[in-house]
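Observations on the model geometry
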Amino acid sequence: MKARGAVLNRRGAYQAPIENWTELAVGETVEVMRHAKVVTRGTVEEVSLSGNVMWIVPPGPAGRHLCLKSDGVIVRRG
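We now turn to the structure provided with this report.

Cut-off values and rules
- All residue numbers refer to positions counted from 1 along the written sequence of the respective chain.
- At least 70 in pLDDT is required for a residue's local features to be given in this predicted model, at least 80 for side-chain atom pairs to be given and counted, and no such filter applies to totals for whole chains, interfaces and linings, which use all residues.
- Where side-chain values are given, they derive from all heavy atoms of the structure, hydrogens and water being excluded.
- Centre distance within 6.5 Å is the pairing criterion for rings of Phe, Tyr and Trp, where only the six-membered ring of Trp is used; planes under 30 degrees apart are then read as stacked, over 60 as edge-to-face, and the remainder as tilted.
- Here, a charge over a ring is recorded when the distance from Lys NZ or Arg CZ to the ring centre is within 6 Å and its angle to the ring normal is within 35 degrees.
- One requirement defines pairing of two strands: DSSP has to find at least two bridges between them.
- The way it works is that DSSP assigns letters per residue, a run of H or I at least four long becomes a helix, a run of E at least two long becomes a strand, and they are numbered from the N terminus.
- Here an axis means a line fitted to C-alpha atoms, over the contact stretch when the element is a helix, while the angle between two N-to-C directions is reported on a 0 to 180 degree scale.
- We define the nonpolar core as a collection of buried residues of types Ala, Val, Leu, Ile, Met, Phe, Trp, Tyr and Cys that are connected through side-chain atoms lying within 4.5 Å of one another.
- Only protein chains enter the accessibility calculation, which uses a 1.4 Å probe; a residue is then buried when its area is under 20% of its type maximum, exposed when over 50%, and partly exposed in between.
- Just to be clear on terms, a salt bridge is a Lys or Arg side-chain nitrogen sitting within 4 Å of an Asp or Glu carboxyl oxygen.

Points about the packing of aromatic side chains
The full count for this structure, using the stated rule, is zero aromatic pairs. Above the ring of Trp 55, the side-chain terminus of Arg 64 is found at 3.9 Å from the ring centroid.

Structural notes on the sheet that holds strand S5 (residues 74-77)
One key point about sheets: their strands pair by backbone hydrogen bonds, in either a parallel or an antiparallel sense. Overall, antiparallel pairing links the five strands, which are arranged S4-S3-S2-S1-S5 in an open sheet. Because the sheet does not close on itself, it has two edges, and the strands there are strand S4 (65-68) and S5. Neighbouring strand axes in the sheet, compared pairwise and without regard to direction, differ in orientation by 45° on average. With four bridges connecting them, strand S2 (residues 37-47) and strand S3 (residues 53-57) associate as antiparallel partners. If you follow Val 44 over to S3, its bridge partner there is Ile 56.

Some remarks on the nonpolar core
With eleven residues, the main nonpolar core is built from Ile 18, Trp 21, Leu 24, Val 30, Val 32, Val 44, Met 54, Ile 56, Cys 67, Val 73 and Val 75. Of all elements in the fold, only strand S1 (29-34) and S3 reach the threshold of two or more residues within this core.

Thoughts on the pattern of salt bridges
A full pass over the atoms with the stated rule returns four salt bridges. Here Glu 31 ties to Arg 41 by a salt bridge, and the two come within 2.8 Å at their closest N and O atoms. Remark: Arg 41 occurs in strand S2 and Glu 31 occurs in strand S1; sequence separation between them is ten residues. What makes Glu 31 buried here is its relative accessible area of 10%. Taking the shortest distance from any N to any O, the salt bridge between Glu 45 and Arg 64 comes out at 2.4 Å.

Next comes the structure, spelled out in structure tokens:
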């Protein structure tokens, strides 16, 4: 059995914010947050070369979402 602290630290590291969006791969599942609330979840469709713009496709027929780093959103793997 693992120590409780080790499990909590690993979980927290997995949900750490992604500062450099160019590290994200196409098809990776992410959550976009603003003001500590999840705005959208989905898979990465495209990330700009600069890492300042990202398109996310949410599950279902909703279409895709444009995320701009300048909007102050936080992206984390999810």
